[in-house]
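Here are the chains, one letter per residue:
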Amino acid sequence: MNMSEPEQFIAEELRGEMRYDVPMCKHTSWRAGGTVQRMYQPADLDDLLAFMRQLPADEPLVAVGLGSNLLVRDGGLRGTVLLLHGALSGLCMEEDGRVYAEAGVPGAKLARFAALHNLRGAEFFAGIPGTVGGMLAMNAGCYGSEIWQKVLRVQTVNRRGELHLRTPDQYEIGYRSVKRIWDLGFRSLEGTSQADSAKSKIQDPKSSEEFFVAAWLKFEQGDGAAARQEIRELLSKRSASQPLNLPNAGSVFRNPPGEHAARLIQQCGLKGRCIGGAQVSEKHANFIVNTGGATAADIENLINEVRETVLRQTGIELHPEVRIVGELEVGSGKSEVGEVSPTEARSAVPFSTEARSADPLASQDKTR
Ligand SMILES: Cc1cc2nc3c(=O)[nH]c(=O)nc-3n(C[C@H](O)[C@H](O)[C@H](O)COP(=O)(O)OP(=O)(O)OC[C@H]3O[C@@H](n4cnc5c(N)ncnc54)[C@H](O)[C@@H]3O)c2cc1C
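Residues numbered from 1 in each chain as written. Predicted model: local features only at pLDDT ≥ 70, side-chain atom pairs only at ≥ 80, totals over all residues.

Colleague: I would appreciate a short explanation of the overall build of the protein chain in the present structure.
Modeller: When helices and strands are counted, the protein chain shows nine helices and 21 strands. Buried residues in the protein chain amount to 40% of all 368 residues. In the protein chain, 66% of the contacts between residues at least 6 apart in sequence involve partners at least 24 apart. (Helix = DSSP H or I, 4+ residues; strand = E, 2+ residues; numbered from the N terminus. Buried ≥ 20, exposed ≤ 12 C-beta atoms within 10 Å, placed from the backbone. Contact = placed C-beta atoms within 7 Å.)

Laid out in structure tokens, this is it:
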């Protein structure tokens, strides 16, 4: 990686904290992965806007909340991580009863806050160890609820430091998926004969990139004590069914339509399967745990092996819910962001074909 720093990064008016060569294992729940060149944690929203305004146009930028759905490859991440957890922490009730929550607020805090204000419908956030920003990006949810069902509007910032208010109808919102409708328009034009002329009229998706900074959420009035009781029950259900004693990133794969990824993985005899320090959890087959010293490659290889095996044995293709970013090797210059198909993954990462272990007796959790 080229570690020379663009001059703009030392702008004196910034009040936040800039760090260099930061190990992402400290900022991801898998406790694995490489370093990022730069990490900026803004002091507050104004400081974030100032930071964005001086950001070089070509600087890769990845927003990170609690890193609970993120795998950073061992070769590290080029560019800058914008660390919003511990930064944008505003949380308040507005006069009309809506809850204003900034992107860095953890789900558990949001759930407790709503219960304390006698609101119902926010309990499910308690079990999701992410931030509001990360939950908006993922449309996080569980037990039949998803964050976007509660959203009235969101505030975003673009790379020029401009704020926008957006409403849910400006996004295509699906199961663990949130796409801006104007990006979909851009993509559908690619490859058409008019694409080049059309592209010149439409903004480049990178330059129009936006990050969530806050959301206004609506919940029903209700009994706060009942909400707190529901939170307690929900958390104990989770600790009974999820391997919370070991670093993990929650469910690795999305559930295929009408199916449960965990059931398919278990059916294929993959529970307990290990590569290096990464293991398909014995407690919940859709979780991969770091049993100690797992590299990001161990985890990614195991993800690929699970995908391959499930596809071969059942004909069903699993799609990762976790986001995989970064380079495979230090200085490789090969950078991947987002979901990788099994074929791409095979050519990029050494693929293990060792025998699988089986645990046909273990039970199936279907809470998510
Ligand atoms: C034990 C455990 C249980 C879990 N249970 C659930 C569950 O029940 N339901 C569920 O949906 N998920 C669950 N997860 C996964 C995870 O908590 C969620 O996906 C959560 O929304 C991620 O939030 P985060 O702040 O950690 O995001 P990160 O992991 O930091 O980032 C995830 C993605 O969101 C992007 N992002 C982050 N912040 C922003 C922002 N402000 N603007 C734009 N993009 C942003 C990142 O670039 C990245 O692509 C679980 C994870 C764990 C470890």
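Colleague: For this particular structure, what's the right way to read the site of the ligand?
Modeller: Close contacts around the ligand come from 34 residues, with G65, G130, G133, G134 and G250 the closest. Among the secondary structure elements, those contributing two or more residues to the shell around the ligand are β3 (61-64), α3 (132-138), β9 (141-142) and β15 (210-217). Broken down by class, the residue content of the shell around the ligand amounts to 18 nonpolar, 14 polar and two charged. Three or more residues apiece are contributed to the shell around the ligand by two domains, here domain 1 (11-83) and domain 2 (91-158 + 170-233). (Near = placed C-beta within 6 Å. Nonpolar A, V, L, I, M, F, W, Y, C, P; charged D, E, K, R; others polar. Domains from an automatic or database assignment.)

Colleague: Honestly, the sheet that holds strand β2 (residues 35-41) in this entry has me stumped. Any pointers?
Modeller: Whenever strands of a sheet pair, they do so through backbone hydrogen bonds, lying parallel or antiparallel. With mixed pairing, four strands are arranged side by side in an open sheet as β1-β2-β5-β3. Each having just a single partner strand, β1 (17-23) and β3 make up the two edges of the open sheet. Between one strand axis and the next, the sheet turns by 30 degrees as a mean value, whatever way the strands run. Of the pairings in the sheet, the one linking β3 to strand β5 (residues 77-83) comprises four bridges and is parallel in character. Each residue of the ladder has a partner; that of L61, found in β5, is T80. (Pairing = 2+ DSSP bridges. Axes fitted to C-alpha atoms, helices over the stretch in contact; angles between N-to-C directions.)

Colleague: Help me understand helix α6 (residues 224-241) in this model?
Modeller: Given 3.6 residues per turn, any residue in an α-helix points the same way as the ones three and four places further on. Along its 18 residues, α6 runs 26 Å from first to last C-alpha, staying within 8% of the 26 Å computed at 1.5 Å per residue. If you check which residues of α6 are buried, you get A227, I231 and R238. The buried side chains of α6 occupy one side of the element, clustering within an arc of 45 degrees when seen end-on. In α6, those exposed residues whose orientation departs by more than 90 degrees from the buried face are A225, R232, E233, S236 and A240. Tucked inside the fold, the buried residues of α6 contact α2 (107-116) and β8 (119-120). (Expected span 1.5 Å × (residues − 1). Arc of directions from axis to C-beta.)

Colleague: Looking at this structure, how should I read the pairing of strand β14 (residues 177-180)?
Modeller: The side chains of a regular strand alternate between both faces of the sheet. Across four bridges, the pairing between strand β13 (residues 171-174) and β14 is antiparallel. Each bridged residue has a counterpart across the sheet, and for I173 the counterpart in β14 is V178. Linking β13 back to β14 in an antiparallel pair, the connection comprises two residues, with R176 at a positive phi of about 50 degrees.

Colleague: Looking at this structure, I do not really get the environment of L235. What am I missing?
Modeller: Inspection of the secondary structure puts L235 in helix α6. Sequence separation between L235 and E123 is 112 residues, and the spatial gap between their C-alpha atoms is 9.9 Å. Dropping the residues within four chain positions of it, L235 is found in contact with A126 and G127.

Colleague: Sorry if this is basic, but what is going on with the nonpolar core here?
Modeller: Nonpolar side chains in soluble globular proteins generally cluster together in the buried interior. Within the largest apolar cluster, 87 residues are counted, with the highest numbers of intra-cluster contacts made by L71, A114, L136, A215, I265, I288 and I299. Here this core gets seven residues from one element, more than from any other, and that element is helix α8 (residues 296-314). Those residues within four positions of L136 in sequence are excluded, and the remaining contacts are I147, V154, V178, F212 and A215. (Core = buried A, V, L, I, M, F, W, Y, C linked by C-beta atoms within 7 Å.)

Colleague: It is not clear to me how α2 should be interpreted in this structure. Could you clarify?
Modeller: All of the buried residues along α2 are G107, L110, A111, A114 and A115. For α2, the angular spread of the buried residues around the axis is 130 degrees, confining them to a single face. Structurally, α2 contributes buried residues whose contacts are with β6 (91-93), β7 (99-102), β8, α3 and α6. N118, located one to two residues past α2, shows a positive phi value of around 55 degrees.

Colleague: In this structure, what is going on with the sheet that holds strand β18 (residues 278-280)? I would like to understand it.
Modeller: Here we have three strands laid out as an open sheet, ordered β17-β18-β19, and antiparallel in their pairing. Two strands lie at the open edges of the sheet, namely β17 (274-275) and β19 (288-290), each paired on one side alone. With two bridges connecting them, β17 and β18 associate as antiparallel partners. Counterpart to C274 in the pairing with β18 is Q279. Across the sheet, α8 lies against β17, β18 and β19, angled at about 30 degrees from β18, the strand it touches most.

Colleague: Got a minute to help me understand the pairing of strand β11 (residues 151-158) in this structure?
Modeller: Here seven bridges tie β11 to β15, and the two strands are oriented antiparallel to one another. Looking across to β15, one finds that R153 is bridged to W216.

Colleague: Would you take a moment to explain the packing of α2 against α6 for this structure?
Modeller: In a pair of packed helices, the angle between the axes and the distance between the axes together describe the arrangement. Between α2 and α6, whose axes approach to 8 Å, the crossing angle comes to 155 degrees. Comparing the axis directions of α2 and α6 gives the class roughly antiparallel. Residues A111, A114, A115 and L116 of α2 form the contact with α6, whose participating residues are G224, A227, R228 and I231. Tallied by class, residues from the contact of α2 with α6 come to six nonpolar, one polar and one charged. (Parallel < 35°, antiparallel > 145°, perpendicular 65-115°, else oblique.)

Colleague: Would you take a moment to explain unusual backbone geometry for this structure?
Modeller: Excluding glycine, most residues fall at negative phi; most peptide bonds, likewise, are trans. For N139, which is not glycine, the phi torsion reads 50 degrees and is therefore positive. As for its placement among the helices and strands, N139 is situated in the loop between α3 and β9. We classify N139 as partly exposed; it has 18 C-beta atoms within 10 Å. Phi is positive for Y143, which is not a glycine, with a value near 50 degrees. Locating Y143 in the fold gives a position in the loop between β9 and β10 (145-146). Given 13 C-beta atoms within a 10 Å radius, Y143 is considered partly exposed.

So yeah, pure geometry; function would need other evidence.
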